Amino acid sequence: MFSKILLRLLKEALFPAVLVLLTKVAAIMIFVHAFSLAWSLEVKTFIPDFTFENQDVSVFVNSYSNLFVFLVVVFGFAWVLARAYYFHDTHIKPSLILRLLSWNLTGLLTSSHEIYHKGVVWISYLWLITLLIGVHTLLGINYVWVFVFALASSVLATWYFIADVERELVHHESTI
């Protein structure tokens, strides 16, 4: 039988997975229509393949659709980080709690258990997308600057997440 933690992580991972797939397809369609690009859809395997008139167009669409996917994952992870830094029940300011109570927004408060489950899922997607962008760059189907941006952003986001985990550990040790 699966552990409760593993089941919780799988449950948390479904929304970002669907979001990533929908963002990739939507970004491709937006660029195809915005720039009136000729394309076709080939279904040779389980995953359909978008094909374009030449390699330059393919690299352009792939690079910018990868960038959109990465930005969506970054914004999802940024929301988790914002909740960890500002709405974490172990280190939220009392004045903010009172303000949230008066606005009936106490649902924004989050526990360590919840925030770190979500954080692990989103940071996993962040690094997975960064890795895929890196592979695409090595294959020559992605602009190098997209990979550099993704790598630098992932390192920075990871640093912020680790800083919050350390802050939580220090807070936990001081209460023992």
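On a predicted model such as this, the values are computed, not experimentally measured, just so you know.

Chemist: Please give an account of the overall build of the protein that cites residues and values.
Modeler: The helix and strand tally for the protein stands at five helices and two strands. Its C-alpha radius of gyration of 20 Å places the protein more than 25% over the 16 Å reference for a compact globule of 176 residues. Over its C-alpha atoms, taken along the principal directions, the protein stretches across nearly 60 × 40 × 35 Å. Counting every position in the protein, which comprises 176 residues, the buried fraction comes to 35%. Nonlocal contacts in the protein, meaning residues at least 24 apart in sequence, comprise 71% of its contacts between residues at least 6 apart. As presented, the protein carries roughly 11,100 Å² of accessible surface, and 73% of it is formed by carbon and sulfur atoms.

Chemist: For the packing of helix H2 (residues 55-86) against helix H4 (residues 112-138), give the residues involved together with the corresponding values.
Modeler: Relative orientation of the contacting elements H2 and H4 amounts to 160 degrees, with a least axis distance of 9 Å. One element, H2, and the other, H4, form an angle in the roughly antiparallel class. The interaxial crossing formed by H2 with H4 has left-handed handedness. Between H2, through Asn-62, Asn-66, Val-69, Phe-70, Val-72, Val-73, Val-74, Gly-76, Phe-77, Val-80, Arg-83 and Ala-84, and H4, the contact on the second element is made entirely by Glu-114, Ile-115, Lys-118, Gly-119, Trp-122, Ile-123, Tyr-125, Leu-126, Ile-129, Thr-130, Ile-133 and His-136. Taken together, the residues of the contact of H2 with H4 break down into 15 nonpolar, six polar and three charged.

Chemist: An account of the pairing of strand S2 (residues 49-52) is requested, with residue identities and associated values reported.
Modeler: In terms of strand pairing, strand S1 (residues 39-42) meets S2 through four bridges, oriented antiparallel. Within S2, the residue paired with Leu-41 across the bridge is Phe-50. Hairpin remark: S1 followed by S2, antiparallel, with six residues in the connecting loop.

Chemist: Account for the packing of aromatic side chains, naming residues and giving values.
Modeler: Tallied over the full model, the rule gives 14 aromatic pairs. Summarising the aromatic geometry, the rings of Phe-31 and Tyr-64 are spaced 5.8 Å apart at their centres and angled 50 degrees between planes, so their arrangement reads as tilted. With Phe-31 in helix H1 (residues 4-34) and Tyr-64 in helix H2, the pair connects residues that are 33 residues apart, well separated along the chain. A relative accessible area of 24% means that Tyr-64 is categorised as partly exposed. For the ring pair Trp-159 and Tyr-160, a centre distance of 5.0 Å and an interplane angle of 75 degrees mean the geometry is edge-to-face. Overall, the relative accessible area of 38% leaves Tyr-160 in the partly exposed class. Connected via pairs of aromatic rings, a cluster forms that spans Phe-31, Phe-35, Phe-60, Tyr-64, Phe-68, Tyr-143 and Trp-145.

Chemist: Give me the pattern of salt bridges: which residues, what numbers.
Modeler: For side chains bearing opposite charge, pairing can occur when the charged atoms are close. Overall, the coordinates contain two salt bridges when judged by the stated rule. For the salt bridge of Glu-12 with Lys-118, the shortest nitrogen-to-oxygen distance reads 3.4 Å. Residue Glu-12 is found in helix H1, and its partner Lys-118 is found in helix H4; the two are separated by 106 residues along the sequence. In this structure Glu-12 comes out as buried when scored by relative accessible area, which is 15%. In this structure, Arg-167 engages Asp-164 in a salt bridge whose closest nitrogen and oxygen atoms are separated by 3.2 Å. You can see Arg-167 and its partner Asp-164 sitting in helix H5 (residues 144-175), three residues apart, about one turn around the helix. Classification of Arg-167 as partly exposed rests on a relative accessible area of 34%. Given a relative accessible area of 0%, Asp-164 falls into the buried group.

Chemist: Before we move on, can you summarise the confidence of the model for the protein with the specific residues and values?
Modeler: Taken over all residues, the pLDDT of the protein has a mean of 87, while the share at 70 or more is 95%. Across the protein, the element-wise mean pLDDT spans from 78 in helix H3 (residues 94-102) up to 94 in H2.

Rules used in this analysis
Residues numbered from 1 in each chain as written. Predicted model: local features only at pLDDT ≥ 70, side-chain atom pairs only at ≥ 80, totals over all residues. Heavy atoms only, no water. Helix = DSSP H or I, 4+ residues; strand = E, 2+ residues; numbered from the N terminus. Rg over C-alpha atoms; globule rule 2.2 N^0.38 Å. Buried < 20%, exposed > 50% of the residue type's maximum accessible area, 1.4 Å probe, protein only. Contact = heavy atoms within 4.5 Å. Areas by Shrake-Rupley, 256 points an atom, 1.4 Å probe, with all protein chains shown as cover. Axes fitted to C-alpha atoms, helices over the stretch in contact; angles between N-to-C directions. Parallel < 35°, antiparallel > 145°, perpendicular 65-115°, else oblique. Left-handed = near helix turned anticlockwise from the far one by under 90°. Nonpolar A, V, L, I, M, F, W, Y, C, P; charged D, E, K, R; others polar. Pairing = 2+ DSSP bridges. Phe/Tyr/Trp six-rings, centres within 6.5 Å; stacked < 30°, edge-to-face > 60°. Salt bridge = Lys/Arg side-chain N within 4 Å of Asp/Glu carboxyl O. pLDDT = per-residue confidence, 0-100.

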